[in-house]
Amino acid sequence: MPKKRKNSDEAKSAQLSQNVHIENAGTVQSELITETLKSNYMPYAMSVILSRAIPEIDGLKPSHRKLLYTMYNMGLLNGGTIKSANIVGRTMQLNPHGDASIYETLVRLSRGNESLLYPYVESKGNFGKAYSKNMMYAASRYTEAKLAPICAELFADIDKNTVDFVDNYDNTMKEPRLLPVTFPSVLCNVTTGIAVGMASSIASFNIKEVCETVIALMKNRQHIISDTLIAPDFVGGGYIIYDRDELEKIYETGKGSVKVRARYSYDRSYNCIDITEIPPTTTSEAIIDKIIELVKNNKIKEISDIRDETDLKGLKITIDLKRGTDADKLMQKLYRLTPLEDSFSCNFNILIDGRPGVRGVREILNEWLAFRLGCITRRIEFNLAKKRKQLHLLKGLSKILLDIDKAIKIVRETENEADVVPNLMIGFGIDEVQAEYVAEIKLRHLNREYILKRINDIEELENDIAELEDTLSSENKKKKIIIAELQNVIKKYDSGRKSEILYNVPVEEDEEEQEIADYPVTVFITKEGYVKKIKTANLRMSGEQKVKEGDEIERSVECSNRDELLVFTTAHQVYKAKLDDLTDTKASVLGEFLPSKLEMDEGEAVAYTAVVKEYKGYMIFVFENGKLAKVDISAYETKTNRKKLINAYSDRSQLAAAVYLEEDTDIVLVSQSGRRLLLNTAVVLPKTTKNTQGVQAMTIKKKNDKVVGLHIYKQGEFEKEWRFRPKNLPAAGALLSAGDVGEQLTL
């Protein structure tokens, strides 16, 4: 049998080959390459542009729309989650491009993947992370999903003829051409795609700002977009570097770029930087690899280790710093050299009525408004037709009320079932549709009460129809409906901005900062405001310190070349300078005059100079009125290289003396009348406000008396220490006795 079938097939094939004639068979013909491309490549290019890569006015690509509509039909807007594999299988009825691509689409739309600012899919299981290329999603058989609550706004009134439906690929089902979204979703989520010869890259914006912008545009077509749509907002957070001119360009043309910086915090206890938010255009692995490369090339020397500490709480890249590193300065360098600061390129290419085009935000929102007005109109027309049909049926029913018995008699006496409707039409003067409705009424409803209840609905229906017709003919009323829907969306789904906006960010220079050399130095400070820095190793060979005539060395401090100077002045200001900025000198020179070096204001003199290594400890200010202020030294720490801070201390009373203490200790306040007050600075609470008045420490009894100075207490300075140490503040102090040290040191 098999052999006989084979011979039969060969015979048929031979017969066909004899009968079929192919024109120009076996000949080679020339054809223009442009014609070949037009006939073969253009259909593919159009398919990619229209059916795959470019989003439409509802903010969705076809693959997104098919997946979400399938989940909607599966009843996943309410209830629990189901296996992703089940969703993928069902979606293939609309999208026959393979389960892998469908599942990738589902992953990107999910909350767990963190790709979208407003995710459309609630996920359960491992859906990977958009900010990490190594954190891959689990297989579809292990994960579960359902529609997010915001999808109610995508499918609102889809069953009321608000959008067109088309056949699926095999003509067995219908699917929506677009979704009747109640808010401009096209601008609320990041959408990127590469087609043939064109691409699309749409930044995400805060849903509240977008909706408020649409409302403002409806009220005033000349509304300035940037007044309400401040800047993009990304799911990964970070900082948006605000550039109004660039944003205006994006809003008007649809093209431009937005700079996004990573967010970080400095952990002082572990001396490390924690990066918790990064730009949407990069991944944690790309950042780590770039930093490692910079360290290996010796371009960054301040980092001792870097690791990825991402866990269930979210993204976290930890950078361990070497001792003495300024975290903020290092981050400025990393922003410049790594993807920790990156630009999101905007190219608002959107399909509208089957035509792709790059459009500005104003044009996109106007197109969405026209689309939404069309949806509202079609919904009203659908409801109107339904109510008109119901009214028509009830008017027919009202005629039967005149004689129910007659209707029953007509039905009973009609011999053929097909004649029931015609006989009712003749008997009551109603049309076929009304007669069919009457004929289908159940026997239990053929009573006066049921029919009267139905007839009472006629007046309500007539009022509803009149209201719908009025709304249908008024564009303003349709816009009021849209405004109400947008306000409802804001109320339900606005959760605040995730990306913080930075204004007036200074442009960092590209030149790399030179690392400050670390070596021991001794700083000499004079009463007249001169300062000189000498390497400690050179001091042994130095002679007597030279000073200006009439001047003298007030004090000397052993410190590091990396330390800073805080110079407090008589104008209640503080000037900051690095010791590295001072020239290494020798004992035979006068040093540098601080008012000139720091470019102080005219008439401003040095009141006190502190040498600070780490911003730990306190500044103690004592005023002539007896008040004492204890200010945490960290109040003078700044992230930027600011040279001058105003309101460095209180101006309510004349400053008598100041001193920098790394830790609490005993100090002695001295009054003009000779009284001394001994107290420990721990009894005064520190303040972070620089110009605090402080607390009353020393009581000034005499009219012309005042506090003239303070010094650190030396053990054994007073014969009877308890006389000068009060139980409570304020206190007047005590006068020196014959047994106390005669000569007192004051600062």
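Quick caveat, the model's predicted, so the values are computed rather than measured.

> I keep staring at the overall build of the protein chain and nothing clicks. Help me out?
Within the protein chain, the regular secondary structure consists of 18 helices and 33 strands. Taken over C-alpha atoms, the radius of gyration comes to 42 Å for the protein chain, far larger than the 27 Å a tight globule of 747 residues would show. Each of the three principal axes of the protein chain carries a C-alpha extent, and together these read 140 × 85 × 50 Å. Once local pairs closer than 6 in sequence are excluded, the contacts in the protein chain between residues at least 24 apart make up 68%. Between the mean site of the 107 positive side-chain charges and the mean site of the 111 negative ones, the protein chain shows a separation of 2 Å.

> Got a minute to help me understand the nonpolar core in this structure?
Looking at soluble globular proteins, one finds that nonpolar side chains tend to be buried together. Leu68 and Leu187 are the most contacted members of the largest nonpolar core, which totals 106 residues. Setting aside residues no more than four positions away along its own chain, Leu187 makes contact with Ile202, Ala203, Ser204, Phe205, Val210, Phe348, Val361, Ile364 and Leu365. With 37 residues, the next largest nonpolar core counts Tyr615, Ile667, Val707 and Leu710 among its residues.

> Is there a simple way to think about the packing of aromatic side chains in this case?
How two aromatic rings sit relative to each other is set out by the distance from centre to centre and by the angle between their planes. Taken as a whole, this structure holds 16 aromatic pairs when the rule is applied. Residues Tyr41 and Tyr44 carry aromatic rings whose centres are separated by 5.6 Å and whose planes lie at 50 degrees to one another, so their mutual orientation is tilted. Where Tyr242 meets Tyr503, the ring centres are 4.8 Å apart and the plane angle is 50 degrees; that geometry is what we call tilted. Of this pair, Tyr242 sits in the loop between strand S8 (239–241) and helix H9 (244–253) while Tyr503 sits in the loop between strand S17 (500–502) and strand S18 (520–526), and the two are 261 residues apart along the sequence. Among the aromatic residues, those joined into a cluster by ring pairs are Tyr69, Tyr72, Phe155 and Phe165. Over the aromatic face of Tyr519 sits the side chain of Lys535, whose NZ or CZ is 5.1 Å from the ring centroid. One cation-aromatic arrangement involves Lys630 over Tyr618; the distance from NZ or CZ to the ring centre is 4.2 Å.

> What is the right way to look at helix H17 (residues 475–493) in this model?
Because each turn of an α-helix spans 3.6 residues, side chains separated by three or four positions end up pointing in the same direction. Under the 1.5 Å per step criterion, the end-to-end length of H17 is 27 Å for 19 residues, consistent within 8% with the ideal 27 Å. Listing the buried residues of H17 in full gives Lys478, Lys479, Ile482, Ile483, Glu485, Leu486, Val489, Ile490 and Tyr493. Projection of H17 onto a plane perpendicular to its axis shows the buried side chains occupying an angular sector of 165 degrees, all on one side. Facing away from the buried surface of H17 by more than 90 degrees, the exposed residues are Asn476, Lys480 and Lys491.

> Explain the confidence of the model for the protein chain here, please?
The predicted coordinates should not be examined in detail at positions where pLDDT is low. Averaged over every residue, the pLDDT of the protein chain is 89; the share at 70 or more is 95%. Confidence drops under pLDDT 50 across residues 1–6; counting only partners more than four residues distant or on other chains, this segment forms zero contacts. Confidence drops under pLDDT 50 across residues 742–747; counting only partners more than four residues distant or on other chains, this segment forms 15 contacts.

> Would you mind showing me how to read unusual backbone geometry here?
Of note, the amide linkage connecting Leu729 to Pro730 takes the cis form, showing an omega dihedral of 0 degrees. Summarising the element assignment, Pro730 is placed in the loop between strand S32 (707–712) and strand S33 (734–735). One non-glycine residue, Asn171, lies in the positive phi region at around 60 degrees. A relative accessible area of 57% places Asn171 in the exposed class. Phi at Asn271 is positive, roughly 55 degrees, even though this residue is not glycine.

> Looking at this model, I keep getting lost on the sheet that holds strand S1 (residues 82–83). Mind explaining?
Strand pairing in a sheet is mediated by backbone hydrogen bonds. Such pairs are either parallel or antiparallel. In spatial order, the strands read S1-S3-S2; together these three strands make up an open sheet with antiparallel pairing. Every interior strand has two partners, whereas the edge strands, S1 and strand S2 (121–124), have only one. As defined by bridge partners, S2 adjoins strand S3 (residues 144–147) across four bridges and the pair is classed as antiparallel. In the strand pairing of S3, Lys124 is matched with Glu144.

Quick notes on the rules
- Residues numbered from 1 in each chain as written.
- Predicted model: local features only at pLDDT ≥ 70, side-chain atom pairs only at ≥ 80, totals over all residues.
- Heavy atoms only, no water.
- Helix = DSSP H or I, 4+ residues; strand = E, 2+ residues; numbered from the N terminus.
- Rg over C-alpha atoms; globule rule 2.2 N^0.38 Å.
- Contact = heavy atoms within 4.5 Å.
- Lys, Arg positive; Asp, Glu negative; His and termini not counted.
- Charge placed at Lys NZ, Arg CZ, Asp CG, Glu CD.
- Core = buried A, V, L, I, M, F, W, Y, C linked by side-chain atoms within 4.5 Å.
- Buried < 20%, exposed > 50% of the residue type's maximum accessible area, 1.4 Å probe, protein only.
- Phe/Tyr/Trp six-rings, centres within 6.5 Å; stacked < 30°, edge-to-face > 60°.
- Lys NZ or Arg CZ within 6 Å of the ring centre and 35° of its normal.
- Expected span 1.5 Å × (residues − 1).
- Arc of directions from axis to C-beta.
- pLDDT = per-residue confidence, 0-100.
- Pairing = 2+ DSSP bridges.

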